[in-house]
Each structure stands twice: as C-alpha cells, then as structure tokens.
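Observations on the three-dimensional arrangement
Take a look at the letters that make up each chain.
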Amino acid sequence: AQTVTQSQPEMSVQEAETVTLSCTYDTSENNYYLFWYKQPPSRQMILVIRQEAYKQQNATENRFSVNFQKAAKSFSLKISDSQLGDTAMYFCAFGRAQGGSEKLVFGKGTKLTVNP
Amino acid sequence: DVKVTQSSRYLVKRTGEKVFLECVQDMDHENMFWYRQDPGLGLRLIYFSYDVKMKEKGDIPEGYSVSREKKERFSLILESASTNQTSMYLCASSTQWEGPRVETQYFGPGTRLLVL
C-alpha cells in the first residue's frame, strides 16, 4: 500500500520569504501522480499543483513550484514570496495511475502560518 | 468552475440517530468521494463511487454507508451515529478518463459533525 509522509506538522514563515514543505511517499509503482492541496482556515480545499511522475520537469504555478525527486520518492512544495493568504493546511497526495476511478492517499498535512 | 456543495456546514446530532450528509456536484463528474478529516490524521477515505449505483469501500468504511442514485448526488449515511464519528466530512468529485490517469479532485466546503 502506498503511504505519504509529511514530516512537518507545523511551519511558519515571514511574509515575502520563501518556504519549503516536505513530502515523501512510498510506492512500487512507476506511473503515478502527485498533488499538493491547500485548505485555508474555514475554507474549501483547493488544488495548488500537480505532477505526473513520467514528466521529469518540475511543475510550477506562479509562486508555487515543486521539487520532484522520483528516485528519492520526494515531492516538496516551494512557496516563494509568501503572502498572508498562503496561511493554510497543506496536504500532499499520491494517486496511482491504473485507469478508472483513482483514489488518492493523503499525508497528514502541514499547517503553514505566514506572519506579517 | 466546478462546484461541489454539501448540505450542511455544521450539524449536531445525538448518539444513535441516523444521519444523512449530502453532496452535489455540477460538473457531470463520474467519480465522487467521501473523506473524513481529523486533526493529525489527515484525510481518510470512507467510500467512493465511480458511477451511479456503484460504490467501493475506502479505508474506514465501518459505521458508514453511501448512496448514489443520481450522477450528481452522493450521500453518506451514518446508520447509528456514535461520538467517535464526530469529525469534519469532506466530499469530492473528479472526472474519469480512459487509460491510466489520475484526475484532480474538487472538494466541497465540508460538514463539521458533532455527535453528542
């Protein structure tokens, strides 16, 4: 069974600085997808960024980028120029690509606080 | 934009009551999911459905059942609520493609259930 580990339960960063959230996963699969989701306080969970394992290039979305190290089974999220609105729970998730409806396995989350 | 709505944001029930949590999505998605979110445990999959009247157990199905009579609606049922089912419940949906892909899941706002 796949597992996802987020080793940092809580982190804080000053506004405008850069922060990196860690995620490691365990799988014997070769074809899979990785996701970072964000859940702001009392608000809906939304997708931040996704990465397909067969793509070597790291995904980026504006201030958000990932460092995908397939051999090390590591998928960290870097947030540049942190903003107060980035304060949220961040969840890393793994999905095995085998066709049909795919379940996601989530990590336990990292609570990020951006301080003014 | 994908919209996933849940029938209640907050719900208070008594032990032994039958509880219905409803989820509706407006994007004609094939897949729908019910998760439970608890502090320090992340998201855990209760049940998912990949088609009308089809369902599969997730990681923690005990004490829960589901119903999917229409494509857009997925209900979670607590047959006899217990205090250990006090939690945040999240619904999600995703589209389904032929072949090995994992699509982004879109989440509802959540229902915070308190069982007294």
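As a reminder, the structure under discussion sits directly above these lines.
Below you will find a few notes about this structure. No experiment lies behind these values; they were computed from the predicted model shown.

1. Here's the deal with the environment of Gln8(A)
Residues and elements named next belong to chain A. Looking at the element boundaries, Gln8 is found in the loop between β1 (3–5) and β2 (10–14). Judged by relative accessible area, Gln8 falls into the buried class, the value being 18%. Each C-alpha atom, one on Gln8 and one on Lys111, is 8.2 Å from the other, the two residues being 103 residues apart in sequence. Among all residues touching Gln8, those that are not within four sequence positions of it are Thr20, Leu21, Ser22, Gly109 and Thr110.

2. A look at the packing of aromatic side chains
The geometry of an aromatic ring pair comes down to the distance between the two centres and the angle between the two planes. Evaluation of the coordinates by the stated rule reveals 14 aromatic pairs over all chains. Consider the rings of Tyr37(A) and Phe106(A), whose centres lie 5.9 Å apart with planes at 45°: the pair is tilted. Highlighted residues: Tyr37(A) in strand β5 (residues 32–39) and Phe106(A) in strand β11 (residues 104–106), separated in sequence by 69 residues. Using a relative accessible area of 0% as the deciding quantity, one classes Tyr37(A) as buried. Of the aromatic side chains, those joined through ring pairs into one cluster are Phe35(A), Tyr37(A), Phe106(A), Phe33(B), Tyr35(B), Phe48(B) and Phe107(B).

3. A closer look at the nonpolar core
Of all hydrophobic cores here, the largest spans 26 residues; its most connected members are Tyr25(A), Trp36(A), Phe75(A), Leu77(A), Tyr90(A) and Leu112(A). Put simply, the parts of the chain that give this core at least two residues each are β2, β3 (19–21), β5, β6 (46–52), β8 (64–69), β9 (74–79), β10 (88–96) and β12 (110–115) of chain A. The dominant element in this core, judged by the number of residues it contributes, is β10(A), at 4 residues. Counting residues in each nonpolar core, the second largest holds 20 residues, with Trp34(B), Ile60(B), Ala81(B) and Cys91(B) among its members.

4. A look at the interface of chain A and chain B
At the junction of the two partners, chain A supplies 24 residues and chain B supplies 26 residues. Note on chain A versus chain B: buried area summed over both sides is about 2100 Å², and carbon and sulfur give 55% of it. Linking chain A to chain B there are 0 salt bridges. Here chain A and chain B share 5 residue pairs in polar contact (both at pLDDT 80 or more) between them. Among the elements of the structure, β5, β6, β10 and β11 of chain A are those that each provide at least two residues to the side of chain A that touches chain B. Considering each element in turn, the side of chain A that touches chain B owes the most residues, 4 residues, to β5(A). The residue makeup of the side of chain A that touches chain B, split by class, is 9 nonpolar, 10 polar and 5 charged.

5. Regarding the pairing of strand β3 (residues 19–25) of chain B
Residues and elements named next belong to chain B. Alternating positions in β3 separate cleanly, Val19, Leu21, Cys23 and Gln25 being buried on one face and Phe20, Glu22 and Val24 remaining unburied on the opposite face. Where strand β1 (residues 4–6) meets β3, 3 bridges bridge the pair, whose relative direction is antiparallel. Its bridge partner lying in β3, Thr5 is registered against Val24. Relative to strand β8 (residues 73–78), β3 runs antiparallel, the two sharing 6 bridges. The partner of Leu21 across the bridge, within β8, is Leu76.

Conventions and cut-offs
- Residues numbered from 1 in each chain as written.
- Chains lettered and ligands numbered in written order.
- Predicted model: local features only at pLDDT ≥ 70, side-chain atom pairs only at ≥ 80, totals over all residues.
- Heavy atoms only, no water.
- Helix = DSSP H or I, 4+ residues; strand = E, 2+ residues; numbered from the N terminus.
- Buried < 20%, exposed > 50% of the residue type's maximum accessible area, 1.4 Å probe, protein only.
- Contact = heavy atoms within 4.5 Å.
- Phe/Tyr/Trp six-rings, centres within 6.5 Å; stacked < 30°, edge-to-face > 60°.
- Core = buried A, V, L, I, M, F, W, Y, C linked by side-chain atoms within 4.5 Å.
- Buried area = accessible area lost by both parts, 1.4 Å probe.
- Salt bridge = Lys/Arg side-chain N within 4 Å of Asp/Glu carboxyl O.
- Polar contact = N/O pair within 3.5 Å; in protein donor to acceptor, adjacent residues only side chain to side chain.
- Nonpolar A, V, L, I, M, F, W, Y, C, P; charged D, E, K, R; others polar.
- Pairing = 2+ DSSP bridges.

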